[in-house]
Amino acid sequence: VFETEKDFKLEMMLPGFSKEDVKISFQNELLTIKVDNKENKEENDYKFVRREFDVYNFEKQFKVPQSVNTTAIDARFENGILNIVLPKKEEVLEKAVVDIKVL
């Protein structure tokens, strides 16, 4: 999670998941990211002796500041990376720059 002058940005690596596995919601100042892998349980004639990687379901929540314009939150998922942009409200941006008179 990082902040710029105009917005907050959240990047999350989700290798092994597809866009359809990702659910994002916002309620009560909490941004919830839930990833649910609908794993195909295939019956095989073998069992794993050792497995180096696996994909697990998880849920993560982030408290969103009141300065965020929650109606303009944007999320994109590409190549296993989830990018969420939380733009700041216009009035916050206007207040961000304060001119100080030099005496």
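This text goes with the structure placed above it.
All values derive from a computational prediction rather than experimental measurement. (Residues numbered from 1 in each chain as written. Predicted model: local features only at pLDDT ≥ 70, side-chain atom pairs only at ≥ 80, totals over all residues. Heavy atoms only, no water.)

A. Expanded view of the packing of aromatic side chains. For the structure on display, the rule yields zero aromatic pairs. In this structure, K88 is placed above the aromatic ring of F8, and the distance from its NZ or CZ to the ring centre is 5.1 Å. (Phe/Tyr/Trp six-rings, centres within 6.5 Å; stacked < 30°, edge-to-face > 60°. Lys NZ or Arg CZ within 6 Å of the ring centre and 35° of its normal.)

B. Spotlight on the pattern of salt bridges. Taken as a whole and judged by the stated rule, the model has three salt bridges. Residue K88 is joined to E3 by a salt bridge in which the shortest nitrogen-to-oxygen separation is 2.5 Å. In this pair, K88 sits in the loop between β7 (81–87) and α1 (90–96) while E3 sits in strand β1 (residues 2–3), placing the two residues 85 residues apart along the sequence. Taking the relative accessible area as the measure of exposure, K88 reaches 11% and is therefore buried. Taking relative accessible area as the criterion, E3 reaches 52% and is therefore assigned exposed. (Salt bridge = Lys/Arg side-chain N within 4 Å of Asp/Glu carboxyl O. Helix = DSSP H or I, 4+ residues; strand = E, 2+ residues; numbered from the N terminus. Buried < 20%, exposed > 50% of the residue type's maximum accessible area, 1.4 Å probe, protein only.)

C. Up close: unusual backbone geometry. Phi at N28 takes a positive value of approximately 50 degrees, unusual for a residue other than glycine. Looking at the secondary structure, you find N28 in the loop between β3 (22–27) and β4 (30–35). A residue is classified by how much of its surface remains accessible, and N28, at 67% relative accessible area, is exposed.

D. Seen up close, the sheet that holds strand β2 (residues 7–13). Pairing is antiparallel in the open sheet, where four strands are placed in the order β1-β2-β7-β6. With partners counted over all chains shown, the strands left at the sheet margins are β1 and β6 (74–78), one partner each. Of the pairings in the sheet, the one linking β2 to β7 comprises seven bridges and is antiparallel in character. Paired with E11 across the two strands is N83, which belongs to β7. (Pairing = 2+ DSSP bridges.)

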